[in-house]
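# Structural description and commentary
Each chain, letter by letter, is given below.
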Amino acid sequence: MAVRSKPAPPWNERQRGYLHLAVQAVLFAWFPCMESAAGENIPWPVDASRTITSTFCEPRPGRFHLGVDFTTDGAVGKEVYALGDGWISRVSTSPFGYGKLLEYTLTDGVIIRCGHLSGFLPAIEDRLDSLRASRHSYDVTLRPPPGEFPVRTGEAIARSGIAAQPADGDWNKVAVG
């Protein structure tokens, strides 16, 4: 006779809290340094005070937060900076989720996603306008080939916007994940 074991119960609030505290401790120890393995300084991702409003793996209803949110000090249109050299690999606009989203791929293959934006580089805005007009839709995605829109560390690549129903109450922020 085979013995059936019960599946493990979902994490309780206390366990999720411990995980969140552990992740926060790692992030808060890492972010003030913001230095790459090569010893180069990594820029703060937004032109605002150095405040994190939501952390990676923070408990959310039925899920964990998969990014880090940075304040924009209550302003829309703050510059968002590239954290490393690479190229813009995906740009989308949608009435849902991140709204205006930009992803860039670093030279080492790491993909950085920036959401809740208000605008992009002028050349990207032009391409998106054409794409939206041809598709008669705001909900579009552009996937430029590597090299079409290169980015350098510290370069302004987008503008901050407003989150649509933020879990943390900070309407003006940039989500990086």
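### Points about the pairing of strand β7 (residues 100–106)
- The element β7 is largely enclosed, with a buried count of 7 among its 7 residues.
- Both faces of β7 are covered, namely the face carrying K100, L102, Y104 and L106 and the face carrying L101, E103 and T105.
- Relative to β7, strand β6 (residues 86–93) is paired through 7 bridges, and the arrangement is antiparallel. Following the sheet pairing, W87 is matched in β7 by T105.
- As paired strands, β7 and strand β8 (residues 111–120) are joined by 5 bridges and run antiparallel to one another. Each residue of the ladder has a partner; that of T105, found in β8, is I111.
- Between β7 and β8, which pair antiparallel in sequence order, lie 4 residues; one of them, G109, sits at a positive phi of approximately 95°.

### Structural notes on the pattern of salt bridges
- Evaluated as defined, the whole model comprises 7 salt bridges.
- Across the pair E125 and K100 runs a salt bridge, and its minimum N-O distance is 4.0 Å. You can see E125 sitting in helix α2 (residues 122–135) and its partner K100 sitting in strand β7, a full 25 residues away along the chain.
- Take E125: its relative accessible area is 17%, and that puts it in the buried class.
- Linking R127 and E148 is a salt bridge whose minimum nitrogen-to-oxygen distance equals 2.2 Å. Here the residue R127 occupies a position in helix α2, and E148 occupies one in the loop between β9 (140–142) and β10 (150–151), the gap between them amounting to 21 residues.

### Quick word on α2
- For α2, built from 14 residues, the straight-helix expectation of 20 Å at 1.5 Å per residue is met to within 8% by its first-to-last C-alpha distance of 20 Å.
- Those residues of α2 not exposed but buried are I124, E125, L128, L131 and R132. Projected onto a plane normal to the axis of α2, the buried residues spread over an arc of 130° and lie on a single side. Among the exposed residues of α2, those oriented more than 90 degrees off its buried face are P122, D126 and S134.
- Following α2 by one or two positions, H136 has its phi on the positive side, about 50°.

Rules used throughout
- Residues numbered from 1 in each chain as written.
- Predicted model: local features only at pLDDT ≥ 70, side-chain atom pairs only at ≥ 80, totals over all residues.
- Heavy atoms only, no water.
- Buried < 20%, exposed > 50% of the residue type's maximum accessible area, 1.4 Å probe, protein only.
- Helix = DSSP H or I, 4+ residues; strand = E, 2+ residues; numbered from the N terminus.
- Pairing = 2+ DSSP bridges.
- Salt bridge = Lys/Arg side-chain N within 4 Å of Asp/Glu carboxyl O.
- Expected span 1.5 Å × (residues − 1).
- Arc of directions from axis to C-beta.

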